[in-house]
Amino acid sequence: MYNQIHIYLVLSIFMVSCGIYGVIRQSSLFGMLLSAKIIFLAAALNFSVFNHFIFKDKGDGNLFSFVIVIFSISSMIVIASFILAYYRDNRNIDTDL
Amino acid sequence: MNNDLIIIIYMLFSVAGSIVVVNSKNHIHMSIGYIAVISGITGIMFYINAGIIALILLLIHTISVVLIISFGIFACGFQVIVIKTKERFAKICGFLSATILFLVMTMILLKNDFIIINQMNSYKLFGELLTEKYFLLLELIALSILIAVTGSVIVLRKRGE
């Protein structure tokens, strides 16, 4: 089972769906941020899985997975600082206001 | 069989963590769910020969999530956060869009057969690609992290300083 590509791809599709549902459903900015990061993780997993199963003689998939992870971390830094600044002004990070 | 079991456990971690992150209303629970997702994905990455990505996920993502947990505790003042729920319409729309996306993508995926090439992967290849073919990308990554950190410090600076 662990040698089949479909298993991993179904997992990543599930995670993308969960992330989209979370971005729409969550009313907290942190919930939205973490849901978006789940989508990023699913994309990174997809790149690595395709590199492992289909393009084993190349390392580009792993490299782009690396890039996705690093960019998601830098975006997380910026968004977390924005949320913190918003919280400092309004004492609330609810989006239902 | 053992490998199957381990992969199933990692996948369960990822799925359960995603569901917790999406459905929880408490920041601490969300962060714990996200750590579960990272754990599962890290294990899977180790199994598919992407050890360096798994290492980055473990080191950097876990630290960032610990920071988020500390902020959550900080923000809520050691109280459990109860957030007003969104309207029912938004919840139904989100659930429907996620379900339709999952079903359509799974159907497309299962109709395709992938050709698998059996050759070995190596870290040396990764390093060569990073320092030769995609060196500009590496510089761009470093610049983006620098800008992100500087920007966050500027945003969080108290007014009047």
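Note that the structure is predicted; figures quoted are calculated from it, not measured.

Cut-off values and rules
Residues numbered from 1 in each chain as written. Chains lettered and ligands numbered in written order. Predicted model: local features only at pLDDT ≥ 70, side-chain atom pairs only at ≥ 80, totals over all residues. Heavy atoms only, no water. Helix = DSSP H or I, 4+ residues; strand = E, 2+ residues; numbered from the N terminus. Buried < 20%, exposed > 50% of the residue type's maximum accessible area, 1.4 Å probe, protein only. Contact = heavy atoms within 4.5 Å. Areas by Shrake-Rupley, 256 points an atom, 1.4 Å probe, with all protein chains shown as cover. Buried area = accessible area lost by both parts, 1.4 Å probe. Salt bridge = Lys/Arg side-chain N within 4 Å of Asp/Glu carboxyl O. Polar contact = N/O pair within 3.5 Å; in protein donor to acceptor, adjacent residues only side chain to side chain. Patch = residues over 30% accessible without salt bridge, like charges linked within 9 Å, V, L, I, M, F, W, Y side chains within 5 Å. Expected span 1.5 Å × (residues − 1). Core = buried A, V, L, I, M, F, W, Y, C linked by side-chain atoms within 4.5 Å. pLDDT = per-residue confidence, 0-100. Axes fitted to C-alpha atoms, helices over the stretch in contact; angles between N-to-C directions. Parallel < 35°, antiparallel > 145°, perpendicular 65-115°, else oblique. Left-handed = near helix turned anticlockwise from the far one by under 90°. Nonpolar A, V, L, I, M, F, W, Y, C, P; charged D, E, K, R; others polar.

1. Comments concerning the overall build of chain B
Now for step 1: Looking only at helices and strands, chain B has 6 helices and 0 strands in total.
Now for step 2: Across the 161 residues of chain B, 34% fall into the buried class.
Now for step 3: Pairs at least 24 residues apart make up 59% of the contacts formed inside chain B by residues separated by at least 6 positions.
Now for step 4: Accessible area for chain B stands at about 10,200 Å²; split by element, carbon and sulfur atoms hold 73% of it.

2. Thoughts on the interface of chain A and chain B
Now for step 1: With 74 residues of chain A in contact, the opposing surface of chain B contributes 79 residues.
Now for step 2: Taken over both partners, the interface formed by chain A and chain B buries close to 7,200 Å², and the fraction arising from carbon and sulfur atoms is 75%.
Now for step 3: At the surface where chain A touches chain B, the tally comes to 1 salt bridge.
Now for step 4: Between Asp60(A) and Lys133(B) there is a salt bridge, with its nearest N and O atoms 3.4 Å apart.
Now for step 5: Summed over the shared surface of chain A and chain B, the result is 6 residue pairs in polar contact (both at pLDDT 80 or more).
Now for step 6: Residue assignment for the side of chain A that touches chain B shows that the elements contributing at least two residues are α1 (5–25), α2 (29–53) and α3 (60–90) of chain A.

3. Here's the deal with a nonpolar patch on the surface
Residues and elements named next belong to chain B.
Now for step 1: Nonpolar side chains collect at one region of the surface, where Ile92, Phe95, Leu96, Ile100, Val104, Met105 and Ile108 lie side by side and expose about 650 Å² of accessible area between them.
Now for step 2: Of note, Ile108 is situated in helix α4 (residues 88–111).
Now for step 3: According to the relative accessible area criterion, Ile108 is partly exposed, its value standing at 47%.

4. Focus on helix α2 (residues 27–47) of chain B
Now for step 1: The terminal C-alpha atoms of α2(B) lie 30 Å apart, and with 21 residues this matches the ideal 30 Å at 1.5 Å per residue to within 8%.
Now for step 2: Phi turns positive, to about 60 degrees, at Asn49(B), one or two residues after α2(B).

5. Focus on the nonpolar core
Now for step 1: Among the nonpolar cores identified, the biggest contains 49 residues, and Phe66(A) and Met45(B) are the most heavily contacted of them.
Now for step 2: Residue contributions to this core peak at 10 residues, all from α2(A).

6. Let's talk about the confidence of the model for chain B
Reading fine detail from the predicted coordinates is not recommended where pLDDT is low.
All names here are of chain B.
Now for step 1: Residues with a pLDDT of 70 or more make up 78% of chain B, whose mean pLDDT is 76.
Now for step 2: Averaged over each element, pLDDT in chain B is lowest for helix α3 (residues 51–76) (73) and highest for helix α1 (residues 2–23) (87).
Now for step 3: Here residues 78–82 is modelled with pLDDT under 50, and outside its nearest four sequence neighbours on either side it reaches 6 contacts, counting other chains as well.
Now for step 4: Scored as a complex, the prediction yields pTM 0.79 and ipTM 0.86.

7. Regarding the packing of α1(B) against α2(B)
Residue and element names in this part refer to chain B.
Now for step 1: Between α1 and α2, whose axes approach to 7 Å, the crossing angle comes to 150 degrees. One element, α1, and the other, α2, form an angle in the roughly antiparallel class. When you trace α1 past α2, the crossing you get is left-handed. The residues of α2 that touch α1, namely those facing Asn3, Ile6, Ile7, Tyr10, Met11, Phe13, Ser14, Gly17, Ser18, Val20 and Val21, are His29, Met30, Gly33, Tyr34, Ala36, Val37, Ser39, Gly40, Ile41, Gly43, Ile44 and Tyr47.
Now for step 2: Class assignment for the residues of the contact of α1 with α2 results in 14 nonpolar, 9 polar and no charged.

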